[in-house]
Amino acid sequence: MRIWIATVIAFVALGVSACTRQKTDSEAREAGRDAHRSAEELKNETDSAAHKAGEVAHKVADATEKAAKQAGRKIQEAAKEAHEGWKDADREKARK
């Protein structure tokens, strides 16, 4: 009879510990899933911010390129005008 009671107590103890372990494992898995979701959300927010920063940088680069081309054209026109002035001065010098 004592052996039978000891066996029943052992099985009950094993059953209770197995249920507790399963609950703990389940909670740990759920915590892991929550952490993964949070990390994914943070990554998406970071990617979104980086994407917006990239768009702004691209617009700035485009505007800078346009301004540089315009400045280059103006410098070219000024150089051409200066060259024409130089030629005019040479012609006037030759006439005298």
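Note that the structure is predicted; figures quoted are calculated from it, not measured.

Asker: I'm lost on the overall build of the chain in this one. Help?
Answerer: A count of helical and extended segments in the chain gives one helix and zero strands. Each of the 96 residues in the chain was classed as buried or not, and the buried ones make up 0%. Just so you have it, the chain exposes about 9,000 Å², and 60% of that area is on carbon and sulfur atoms.

Asker: Help me understand a nonpolar patch on the surface in this model?
Answerer: On the surface, Met 1, Ile 5 and Ile 9 cluster together into a nonpolar patch covering about 350 Å² of accessible area. For Met 1, the position within the fold is in the segment before helix 1 (2-95). Judged by relative accessible area, Met 1 falls into the exposed class, the value being 76%.

Asker: I keep staring at the pattern of salt bridges and nothing clicks. Help me out?
Answerer: Opposite charge on two side chains allows them to pair when their charged atoms are near. According to the stated counting rule, one finds five salt bridges in the structure shown. When the shortest N-O distance is used, the salt bridge between Lys 69 and Glu 65 registers 3.6 Å. Linking Lys 69 with Glu 65, this pair stays in helix 1, spanning four residues, or about one helical turn. Since its relative accessible area comes to 48%, Lys 69 is described here as partly exposed. Between Arg 91 and Asp 88 there is a salt bridge, and its shortest N-O distance comes to 2.8 Å. Taken together, the positions of Arg 91 and Asp 88, both in helix 1 and three residues apart, correspond to about one turn of that helix. Exposure remark for Arg 91: the relative accessible area of 45% places this residue in the partly exposed category. Using a relative accessible area of 38% as the deciding quantity, one classes Asp 88 as partly exposed.

Reading the values: rules and limits
Residues numbered from 1 in each chain as written. Predicted model: local features only at pLDDT ≥ 70, side-chain atom pairs only at ≥ 80, totals over all residues. Heavy atoms only, no water. Helix = DSSP H or I, 4+ residues; strand = E, 2+ residues; numbered from the N terminus. Buried < 20%, exposed > 50% of the residue type's maximum accessible area, 1.4 Å probe, protein only. Areas by Shrake-Rupley, 256 points an atom, 1.4 Å probe, with all protein chains shown as cover. Patch = residues over 30% accessible without salt bridge, like charges linked within 9 Å, V, L, I, M, F, W, Y side chains within 5 Å. Salt bridge = Lys/Arg side-chain N within 4 Å of Asp/Glu carboxyl O.

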